[in-house]
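# Residue-level structural notes
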Amino acid sequence: MEEMKKKEQTADTTEEKEQTEENNVENTSSEIRTVHGQRVGLEPHKEKDDGKKNLKTIGEKIGYFWDYYKWTVGVVVGLALCILLLVRAVIIEMKPPIIYIAMMNAHMESPGDATYGDDYGNQRGLDPKSGRITLDVDFLHPELITDADLKNDTIIASMQRFSASVTTGNIDIAITNPWVLRDYMENNVFHDLRDVYTEEELAQFGELLTYEKNASGEVVPVGIIINGHRDIDSFYEEGETIVIGIPSDSTRVERAKDFIAWMFEG
């Protein structure tokens, strides 16, 4: 009997140990699962907070867009403006010229100070859509060209541009000093005014006519003094004589004559 009781006690003990080991295994597995769950991201998913989910108002959304894309928007807008300006310039240049007025040796703080082109067009009722009126005030031509002038890129470039413009027929009117007409008449760059005005028309200018030698050595009327008209004196040195002439290659001589008439109306 005692031996049977010992066997039963041994069996019970063995069973308890097995049960305890099973419980330990389950507990250990649970802990491992928990640990592994943390490692493999079994925790609740956390969304990346990029700030978008907090945007509730239109203003906040616009602010977010601007913060992230302002440089892109700036570049696109800049390119669009450049294209528009280029297209506008091309459209303007495509218009046929109505008249091209050149002012040489004028003194002004900005090109917009002189408005002869716009004033002439408005008072003559010229439609700006039908063509372009150009007033160019950037020409320079010293009376005596010194060595320093020859080294001055601005002066040399200006003289070359004027020469190219008159010989290609672009300029219709030149407002300048008498010595400019004198220098250019060596090559007959300006009209002998007897070729564009009748004798009676020239007589109206009287002593306002200026004379220079042409390429043949003949003294001919080439300029008309316009001091005292249209406030032209304000753009030149006090006491300077200001004359107006018509380049010989101009294809709009009648328009040039009308501009000179307009100058004397004011």
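Residues numbered from 1 in each chain as written. Predicted model: local features only at pLDDT ≥ 70, side-chain atom pairs only at ≥ 80, totals over all residues. Heavy atoms only, no water.

### Brief notes about the overall build of the protein
The number of helices and strands found in the protein is 8 helices and 6 strands. For the protein, the N- to C-terminal ordering of α and β elements is α-α-β-α-β-α-α-β-α-α-β-β-β-α. Here the protein, with 266 residues, has 31% of them falling under the buried criterion. Residue pairs at least 24 apart in sequence account for 69% of intrachain contacts in the protein once pairs closer than 6 positions are excluded. Carbon and sulfur atoms provide 53% of the accessible area of the protein, an area that totals close to 17,900 Å². (Helix = DSSP H or I, 4+ residues; strand = E, 2+ residues; numbered from the N terminus. Buried < 20%, exposed > 50% of the residue type's maximum accessible area, 1.4 Å probe, protein only. Contact = heavy atoms within 4.5 Å. Areas by Shrake-Rupley, 256 points an atom, 1.4 Å probe, with all protein chains shown as cover.)

### So, the side chain of arginine 252
Within the element layout of this structure, arginine 252 appears in the loop between β6 (243-245) and α8 (253-265). What makes arginine 252 buried here is its relative accessible area of 18%. The contact partners of arginine 252, leaving out residues within four places of it in the chain, are Pro97, Ile98, Ile99, Gly169, Asn170 and Asp172.

### Regarding the packing of aromatic side chains
For the structure shown, the criterion picks out 10 aromatic pairs. Here tyrosine 120 and tryptophan 262 contribute two aromatic rings whose centre-to-centre distance is 5.7 Å and whose plane-to-plane angle is 75°, an arrangement assigned as edge-to-face. Pair noted here: tyrosine 120 is in helix α3 (residues 116-123) and tryptophan 262 is in helix α8, with a separation of 142 residues, a long-range link. For the pair tyrosine 120 and tryptophan 262, a shared accessibility class is recorded, and that class is buried. Through successive ring pairs, a cluster of aromatic residues spans Tyr116, Tyr120, Phe235, Phe259 and Trp262. Sitting over the face of the ring of tryptophan 262, arginine 230 holds its NZ or CZ atom 3.8 Å from the ring centroid. Above the ring of tyrosine 197, the side-chain terminus of lysine 257 is found at 4.9 Å from the ring centroid. (Phe/Tyr/Trp six-rings, centres within 6.5 Å; stacked < 30°, edge-to-face > 60°. Lys NZ or Arg CZ within 6 Å of the ring centre and 35° of its normal.)

### So, the confidence of the model for the protein
Looking at the protein as a whole, its pLDDT mean stands at 79, while 66% of the residues score no less than 70. Put simply, helix α1 (residues 2-39) is where the protein has its lowest mean pLDDT, 50, and β6 is where it has its highest, 98. Across residues 25-43, where pLDDT falls below 50, the model places 3 contacts with residues more than four positions away in sequence or in other chains. Across residues 87-92, where pLDDT falls below 50, the model places 1 contact with residues more than four positions away in sequence or in other chains. (pLDDT = per-residue confidence, 0-100.)

### Let's talk about α3
One turn of an α-helix holds 3.6 residues; hence residues three or four places apart share an orientation. For α3, the complete set of buried residues consists of Tyr116, Gly117, Tyr120 and Gly121. All buried residues of α3 fall inside an arc of 125° around its axis, so they share one side. Exposed side chains of α3 directed beyond 90 degrees from the buried face belong to Asp118 and Asn122. Where α3 is buried, its residues touch β1 (97-104), β2 (132-139) and α8. Immediately downstream of α3, the backbone of glycine 125 shows phi near 70°, a positive value. (Arc of directions from axis to C-beta.)

### What to know about the packing of α3 against α8
Where α3 meets α8, the closest approach of the two axes is 11 Å, and the angle between their N-to-C directions is 95°. Taken together, the axis directions place α3 and α8 in an arrangement best described as roughly perpendicular. Listed contacts from α8 to Tyr116, Asp119, Tyr120 and Gln123 of α3 are Arg255, Asp258, Phe259, Trp262 and Met263. In terms of residue class, the contact of α3 with α8 is built from 5 nonpolar, 1 polar and 3 charged. (Axes fitted to C-alpha atoms, helices over the stretch in contact; angles between N-to-C directions. Parallel < 35°, antiparallel > 145°, perpendicular 65-115°, else oblique. Nonpolar A, V, L, I, M, F, W, Y, C, P; charged D, E, K, R; others polar.)

### Digging into the sheet that holds β2
Across the sheet, which stays open at both edges, the 6 strands sit in the order β2-β1-β3-β6-β5-β4 with mixed pairing between neighbours. The open sheet terminates on both sides in strands that have one partner only, identified here as β2 and β4 (209-213). Neighbour-to-neighbour, the strand axes of this sheet turn through a mean angle of 30°, independent of strand direction. Alignment of β1 against β2, held across 6 bridges, turns out to be parallel. (Pairing = 2+ DSSP bridges.)

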